[in-house]
Amino acid sequence: MAVDYNKCIDCGKCTRHCVFLDKYGINLKEYAKRPDLAFNCYLCGECKRVCPVDIDGRQLSLDLREKRIEDGYNLYTDGYRTLLLEKRNYIFKNYKNVNSKIALFPGCNFPAYFPETTKVISKKLNENFGISTIFDCCGKPLDDLNMKKEKENIKERLNNRLKGLGIEELVLLCPNCFYYFRNNLDIKVSMIYEHEEIMETLVSKDSSKIEGALFLPCPDRDQRIIYKILERYVDYNNLKEIKDIQCCGAGGCASIKEKDLTKNLQDGFKKYEEKIYLYCATCTGMINKSNTNVDHILCKLLNTNEKISSGIKTVKNRALFSLKK
Ligand code: SF4
Ligand code: SF4
C-alpha cells in the first residue's frame, strides 16, 4: 500500500526522532524521493509514533525497496550476498525427529546467541511434553528486504513442510518470528511465555529478581502483546524502560548499509549502568557488542547464566543445530 506522504506538514518530528533521517537531513516526505536510501531504514516505526499525520516510514521504506528491486537492483552484489545465501532457503534448518503436533521453533538468533539455553528448553519440552524442535528461519529478513518472490517461496515452503508433518502449533522464542508468522503461517503460533505449564517446568526457583532497564524489540512496541504476556513473570515496576534509542541496530537489515549509524545506536546503550533486559535474542546480541551488562529475560528466568555468543561463533552455533540428531 503506497504511503500518502503528501499529508506531511513538514513539522520535522520524524527527523528529530530518527538517526537515519537525521543523518541525511530529510523528513519522510523527502525520504520518499530517495530510492537510493531504500535499504538504509531500520523499519523501527519510531517516525510513525511521532508523526502528527500518521505517516509510516516503515511502509515507505518497504515501497522504495520493492520499487528498487523491480527496477533491477541486485541485493546479491551490494552487500546482502551472505545473508541471502543463508536465509533464502535456510541452510541450517533441521526437521529431523519431528514427531509432535506442537513444535518448538526457536528461530535463527536465539540458538545462535544462546545455544545452551536452547538445548535446555528443547530437552525439557521434549521430555515433559513430547514437543519436538524445528530449526528454521521464519523468513522475516527477506520480508524486510521486500524480495517478493523469495519471501513467497519461503512462506510456501514452510507452510507445506509444517502441514506435511502434521504440525498444528509452533511455540516461539522470538518476537520477530511471532509477528511475522501471525500474518504468514496457516497454523497457530504462540510465544513460549503463554504456556503456563511449560513455563512452570522451565522457570528456575533460584532465578533472582529482574531489575534494571528494559529495551523493547521494535515489532512489539506498538501492540505490546509479548510485553503483556511477560507481565506474569516480570514486575515492570523494577524495570526502567529505555525509550531514547530507536532500535538495537538490527532492524530492516539496515546495518549492512549503515555501519557507522548502527555502531552509534549500539554505543547509545553504553551509558546504562544497570543491567539491560530484553526479550529478543537479536537485540540482546546486538547490544552486547557495546554493553555486556545485558541479559535475555528467558535466560534469566531459566537461570542458565549463559555467556552470550558473538561473531563467527553464532554461525557455528546455528550450523551445529542443523546437524543435531
Ligand atoms: S522506520 Fe525507523 S529508521 Fe525508518 S524512517 Fe522511521 S524512524 Fe527512521
Ligand atoms: S513527522 Fe510526519 S508531518 Fe512531521 S515532517 Fe515527518 S512525515 Fe512530515
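Residues numbered from 1 in each chain as written. Chains lettered and ligands numbered in written order. Predicted model: local features only at pLDDT ≥ 70, side-chain atom pairs only at ≥ 80, totals over all residues. Heavy atoms only, no water.

Engineer: Is there a simple way to think about the packing of aromatic side chains in this case?
Structural biologist: In this description, an aromatic ring pair is defined by two values, namely the gap between the centres and the angle between the planes. Under the criterion given, the structure shown has 12 aromatic pairs. Between the aromatic rings of tyrosine 180 and phenylalanine 181, the centroid separation amounts to 6.4 Å while the plane-to-plane angle is 40°, which identifies the pairing as tilted. We note that tyrosine 180, like phenylalanine 181, is buried. For the pair phenylalanine 215 and phenylalanine 269, a centre-to-centre distance of 4.9 Å together with 85° between the ring planes defines the contact as edge-to-face. Here the residue phenylalanine 215 occupies a position in the loop between strand E5 (212–214) and helix H13 (225–230), and phenylalanine 269 occupies one in the loop between helix H14 (259–267) and strand E7 (276–278), the gap between them amounting to 54 residues. Each member of the pair, phenylalanine 215 as well as phenylalanine 269, carries the same accessibility label: buried. Following the ring pairs from residue to residue traces out a cluster consisting of Phe20, Tyr24 and Tyr31. Stacked on the ring of tyrosine 73, the Lys or Arg arginine 68 has its end atom at 4.0 Å from the ring centre. It is arginine 224 that lies over the ring of tyrosine 227; its NZ or CZ is 4.8 Å from the centre. (Phe/Tyr/Trp six-rings, centres within 6.5 Å; stacked < 30°, edge-to-face > 60°. Buried < 20%, exposed > 50% of the residue type's maximum accessible area, 1.4 Å probe, protein only. Helix = DSSP H or I, 4+ residues; strand = E, 2+ residues; numbered from the N terminus. Lys NZ or Arg CZ within 6 Å of the ring centre and 35° of its normal.)

Engineer: Where do I start with the site of ligand 1 in this structure?
Structural biologist: Looking at ligand 1, the residues that line it are Cys18, Leu21, Leu28, Cys41, Tyr42, Leu43, Cys44, Gly45, Glu46, Cys47, Arg58 and Gln246. The residue inventory of the shell around ligand 1, partitioned by class, reads eight nonpolar, two polar and two charged. (Near = heavy atom within 4 Å. Nonpolar A, V, L, I, M, F, W, Y, C, P; charged D, E, K, R; others polar.)

Engineer: Looking at this model, I keep getting lost on the state of the cysteines. Mind explaining?
Structural biologist: Between two cysteines, a covalent bond joining their sulfur atoms is known as a disulfide. Applying the stated criterion across every chain, the model contains zero disulfides. Distance from the sulfur of cysteine 280, which forms no disulfide, to the nearest cysteine sulfur (cysteine 283) is 3.8 Å. On the basis of relative accessible area, cysteine 280 is assigned to the buried category, the value being 2%. (Disulfide = S-S within 2.5 Å.)

Engineer: Just to check I follow, could you spell out the domain arrangement of the protein chain for this structure?
Structural biologist: Along its sequence, the protein chain is organised into domain 1 (5–73), domain 2 (86–200 + 310–323) and domain 3 (203–302). For domain 2 versus domain 3, the separation of C-alpha centres amounts to 21 Å. Every contact between the two is made by 23 residues of domain 2 and, on the other side, 26 residues of domain 3. Between domain 2 and domain 3, roughly 2,200 Å² of surface is buried when both sides are summed, and carbon and sulfur atoms account for 71% of that area. Taken as a group, Tyr179, Tyr193 and Met199 account for 33% of the area that domain 2 buries against domain 3, more than any other trio of residues on that side. A salt bridge links glutamate 196 to arginine 232, with the shortest nitrogen-to-oxygen separation between them at 4.0 Å. At the boundary of domain 2 and domain 3, one finds seven residue pairs in polar contact (both at pLDDT 80 or more). Of all the secondary structure elements, the ones that give two or more residues to the side of domain 2 that touches domain 3 are helix H7 (109–113), helix H8 (115–129), helix H9 (140–144), helix H11 (175–184) and helix H12 (196–202). When residues in the side of domain 2 that touches domain 3 are grouped by element, the largest group, five residues, is from H11. (Domains from an automatic or database assignment. Contact = heavy atoms within 4.5 Å. Buried area = accessible area lost by both parts, 1.4 Å probe. Salt bridge = Lys/Arg side-chain N within 4 Å of Asp/Glu carboxyl O. Polar contact = N/O pair within 3.5 Å; in protein donor to acceptor, adjacent residues only side chain to side chain.)

Engineer: Looking at this structure, I do not really get H8. What am I missing?
Structural biologist: Residues lying three or four places apart along an α-helix face the same way, a consequence of the helix completing one turn every 3.6 residues. The end-to-end C-alpha distance of H8, which contains 15 residues, comes to 21 Å, matching closely the 21 Å that a straight helix rising 1.5 Å per residue would cover. Residues of H8 that are buried: Pro115, Thr117, Thr118, Ile121, Ser122 and Leu125. All buried residues of H8 lie within an arc of 160° about the axis, which places them on one face of the element. Of the residues in H8, the exposed ones pointing more than 90 degrees away from the buried face are Lys123 and Glu127. Structurally, H8 contributes buried residues whose contacts are with strand E1 (102–105), H7, strand E2 (132–133), H12, helix H16 (297–302) and helix H17 (312–323). Trailing H8 by a residue or two, glycine 130 shows a phi angle of about 65°, which is positive. (Expected span 1.5 Å × (residues − 1). Arc of directions from axis to C-beta.)

Engineer: What is the right way to read the sheet that holds strand E8 (residues 294–296) from this model?
Structural biologist: Two orientations exist for strands paired in a sheet by backbone hydrogen bonds: parallel and antiparallel. Judged by pairing direction, the sheet is parallel, and its four strands sit side by side in the order E6-E5-E7-E8 without closing on themselves. In this open sheet, the two strands that pair with only one neighbour each are strand E6 (239–241) and E8. Put simply, the sheet's adjacent strands are angled 35° from each other on average, direction ignored. (Pairing = 2+ DSSP bridges. Axes fitted to C-alpha atoms, helices over the stretch in contact; angles between N-to-C directions.)

Engineer: Explain the sheet that holds E2 here, please?
Structural biologist: Taken in spatial order, the four strands make up an open sheet running E2-E1-E3-E4, and their pairing is parallel. Two strands close off the open sheet at either side, each with one partner strand: E2 and strand E4 (188–191). Across four bridges, strand E3 (residues 169–172) lies against E4 in parallel orientation. Its bridge partner being in E4, leucine 170 is matched across the sheet by valine 189.

Engineer: Could you clarify how one ought to interpret unusual backbone geometry in this entry?
Structural biologist: It is generally the case that most residues other than glycine have a negative phi and that most peptide bonds are trans. The backbone of aspartate 54 sits at a positive phi, close to 65°, despite the residue not being glycine. With respect to the helices and strands, the residue aspartate 54 is situated in the loop between helix H4 (46–50) and helix H5 (57–70). Residue aspartate 54 is classed as partly exposed on the basis of its relative accessible area of 45%. Notably, cysteine 253 is not glycine yet its phi reads approximately 55°, a positive angle. Residue placement: cysteine 253 occurs in the loop between E6 and H14.

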